[in-house]
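These are the residues of each chain, in order.
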Amino acid sequence: MPSPSSRRSFLLTGAAAGTALALSAVPARAGGRPRGPFGRFGSPSDRLTPQTLYVHPRGAGDVTGLQAAVTAATGTGRTLVIAPGVYRETVSVDADRTGMTWIGASENPRDVVIVHDNAAGTPRPDGSGTYGTSGSATTTVRPDGFTARWITFANDWLRADLPGTSGTQAVALKVQGDRSAFTHCRFLGHQDTLYADTASLDTFARQYFAHCYVEGDVDFVFGRATALFEHCHFRTLIRPDLTAAPHGFVFAPSTAGANPRGYLVTRSRISSEAPDGYYKLARPWVPSSDRTARPMLTVRETRLGAGIDAVAPYTDMASGHPWQDQRFAEYRNTGPGAVITVPGNRPQLTRAQAALHTPGTHLGDWRPRG
């Protein structure tokens with residue numbers, strides 16, 4: 001995807017401040033008894049089920065790393081309970097690991113951070129070229145039925161680390177499976193932070209994000225999944241390398257033309273640390289691999305902060321497919337970024353149309369737990 005050069009040095013808070021969170025910082029149990037590194041989820045000697053693996057960065061669990069845990073968790077329905085710490089590695093979950101669950105043991109996503117620093121233009125160590133957008137992902141999740149709670153997924157690569165290149169996409173999480181649910185998670189990056197996608201052009205994948213935080217600058221929520229974002233917070237970042245708008249774009253869906261459901265954002269909010277009006281709400285991504293795509297985004301009952309350009313919240317991507325030909329719409333949004341000044345620039349749903357764009361209609365017979 002297009003990739004203007006910029007740099008912002010963001011800090012990962014909590015465990016991600018540079019070293020693993022000290023176990024002494026894990027909250028004590030009620031009554032003053034110390035709480036172990038796995039919180040209320042017990043320990044390897046006090047298992048939830050035989051299907052549970054405990055991950056601890058300093059050896060107090062079954063394995064010390066996430067990829068090692070994924071490799072060990074053969075079969076379906078496995079659970080990883082992850083102790084506080086910074087896990088600096090790339091993690092890939094194969095499609096046959098269906099029904100897998102990852103749980104941050106402290107129940108605070110700032111304490112469990114999975115982070116790496118590859119970008120699309122980063123050379124591969126074996127000399128076979130660069131990683132590309134998908135290859136840049138810190139975490140790649142392919143199976144159906146994946147669940148994550150209380151985890152931070154991050155890519156801390158900075159544009160200044162690769163000057164003079166257009167390959168500045170740096171994905172924190174790429175998820176492809178159907179019935180994938182993320183609750184109380186954080187997704188940190190700059191360009192292409194969260195890749196909510198499918199395994200193939202003719203595959204529909206429903207994904208659910210609830211009470212999550214996502215930050216970035218260029219197209220930082222993108223892909224062709226049927227994704228529901230409920231009670232989420234999207235944060236647009238400042239671009240020190242740019243002095244004029246736009247600094248970037250929040251959403252860049254690439255919904256397949258045959259898919260009646262793209263991205264639905266409801267009861268959420270968008271804030272910004274950039275100057276007022278410096279961000280577009282969305283632009284359509286029609287990739288070269290699917291020129292029949294008709295990107296779809298519905299934003300409803302969501303607060304749009306002053307960082308969003310209220311006059312012209314949508315724009316085209318360089319591929320030449322006008323946003324007006326796509327499926328963009330809003331309903332009952334609030335905030336300074338939602339003010340309708342030029343009605344033709346922001347399509348609004350009627351009440352009857354809005355009844356067809358709800359969490360229930362979006363996810364069909366799947367009811368994830370929020």
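Keep in mind the model is a prediction, meaning the values are calculated, not measured.

> Is there a simple way to think about the state of the cysteines in this case?
Note: disulfide means a covalent bond formed between the sulfur atoms of two cysteine side chains. By the definition in use, this model includes zero disulfides. Between Cys185, a free cysteine, and Cys212, which holds the nearest cysteine sulfur, the sulfur-to-sulfur gap is 5.0 Å. Counting only cysteine sulfurs, Cys212 is the nearest neighbor of Cys232, a cysteine outside any disulfide, at a range of 4.7 Å. Take Cys232: its relative accessible area is 2%, and that puts it in the buried class.

> Got a minute to help me understand the pairing of strand S5 (residues 101-104) in this structure?
In regular strands, side chains alternate between the two faces of the sheet. On S5, burial covers both faces: Thr101 and Ile103 on one face and Trp102 and Gly104 on the other are all buried. Direction of pairing for strand S2 (residues 79-82) relative to S5: parallel, over a ladder of four bridges. Residue pairing in the sheet places Ile82 in a bridge with Gly104 of S5. Bridge count for S5 against strand S8 (residues 147-149) is three bridges, and the pairing is parallel. Bridge pairing in S8 links Trp102 to Ala148.

> Can you walk me through the nonpolar core in this structure?
Soluble globular proteins: nonpolar side chains tend toward being buried together. Ranked by size, the top nonpolar core spans 64 residues in total, and within it Trp102, Phe182, Phe209, Phe234 and Phe251 carry the most contacts. Setting aside anything within four residues of it in sequence, one finds Phe234 in contact with Val214, Phe220, Val221, Phe229, Val250, Phe251, Val265, Ser268, Arg269, Ile270 and Ser271.

> Help me out: how do you make sense of the sheet that holds strand S6 (residues 112-116) in this one?
Strand pairing in a sheet is mediated by backbone hydrogen bonds. Such pairs are either parallel or antiparallel. Strand order in the open sheet made by the eight strands is S3-S6-S9-S12-S15-S18-S21-S24, with parallel pairing throughout. Of all the strands in the sheet, just strand S3 (85-88) and strand S24 (303-304) have a single pairing partner and so form its edges. In this sheet, strand S21 (residues 269-272) lies alongside strand S18 (residues 233-236) in parallel orientation, the contact comprising four bridges. From the neighbouring strand, His233 faces S21, where its bridge partner is Arg269.

> I would appreciate a short explanation of the UniProt feature "active site" (unreviewed entry) in the chain in the present structure.
Within this structure's numbering, the places UniProt gives as "active site" (unreviewed entry) are Asp219. Mapped onto the elements of the fold, Asp219 is located in strand S16 (residues 218-223).

> Is there a simple way to think about the environment of Pro57 in this case?
By the element assignment, Pro57 lies in the loop between strand S1 (52-55) and helix H1 (66-72). The class of Pro57 is partly exposed, set by a relative accessible area of 25%. Pro57 sits 233 residues away from Asp290 along the chain, and the two C-alpha atoms are 42 Å apart.

> What is the right way to look at the packing of aromatic side chains in this model?
Here the distance between the centres and the angle between the planes together describe a pair of aromatic rings. Tallied over the full model, the rule gives 20 aromatic pairs. Taken together, a centroid distance of 6.4 Å and an interplanar angle of 55° make the contact between Phe229 and Phe251 tilted. A residue pair is termed long-range when its members are at least 10 positions apart, and Phe229 in strand S17 (residues 226-230) and Phe251 in strand S19 (residues 248-253) qualify at 22 residues. For the pair formed by Phe229 and Phe251, the shared burial category is buried. Through a chain of ring-to-ring contacts, the aromatic side chains of Trp102, Phe146, Phe153, Phe182, Phe187, Phe209, Phe229, Phe234, Phe251 and Tyr263 assemble into a single cluster.

> How do you make sense of the environment of Gly75 when you look at a structure like this?
Of note, Gly75 is situated in the loop between H1 and S2. Of the residues examined, Gly75 reaches a relative accessible area of 41% and is grouped as partly exposed. Counting along the chain gives 21 residues from Gly75 to Asp96, while the straight-line C-alpha distance between them is 7.4 Å. Those residues in contact with Gly75 that sit more than four places away from it in its chain are Asp96 and Arg97.

Procedures and definitions
- Residues numbered from 1 in each chain as written.
- Predicted model: local features only at pLDDT ≥ 70, side-chain atom pairs only at ≥ 80, totals over all residues.
- Heavy atoms only, no water.
- Disulfide = S-S within 2.5 Å.
- Buried < 20%, exposed > 50% of the residue type's maximum accessible area, 1.4 Å probe, protein only.
- Helix = DSSP H or I, 4+ residues; strand = E, 2+ residues; numbered from the N terminus.
- Pairing = 2+ DSSP bridges.
- Core = buried A, V, L, I, M, F, W, Y, C linked by side-chain atoms within 4.5 Å.
- Contact = heavy atoms within 4.5 Å.
- UniProt positions renumbered as here; feature names shortened; annotations may be inferred.
- Phe/Tyr/Trp six-rings, centres within 6.5 Å; stacked < 30°, edge-to-face > 60°.

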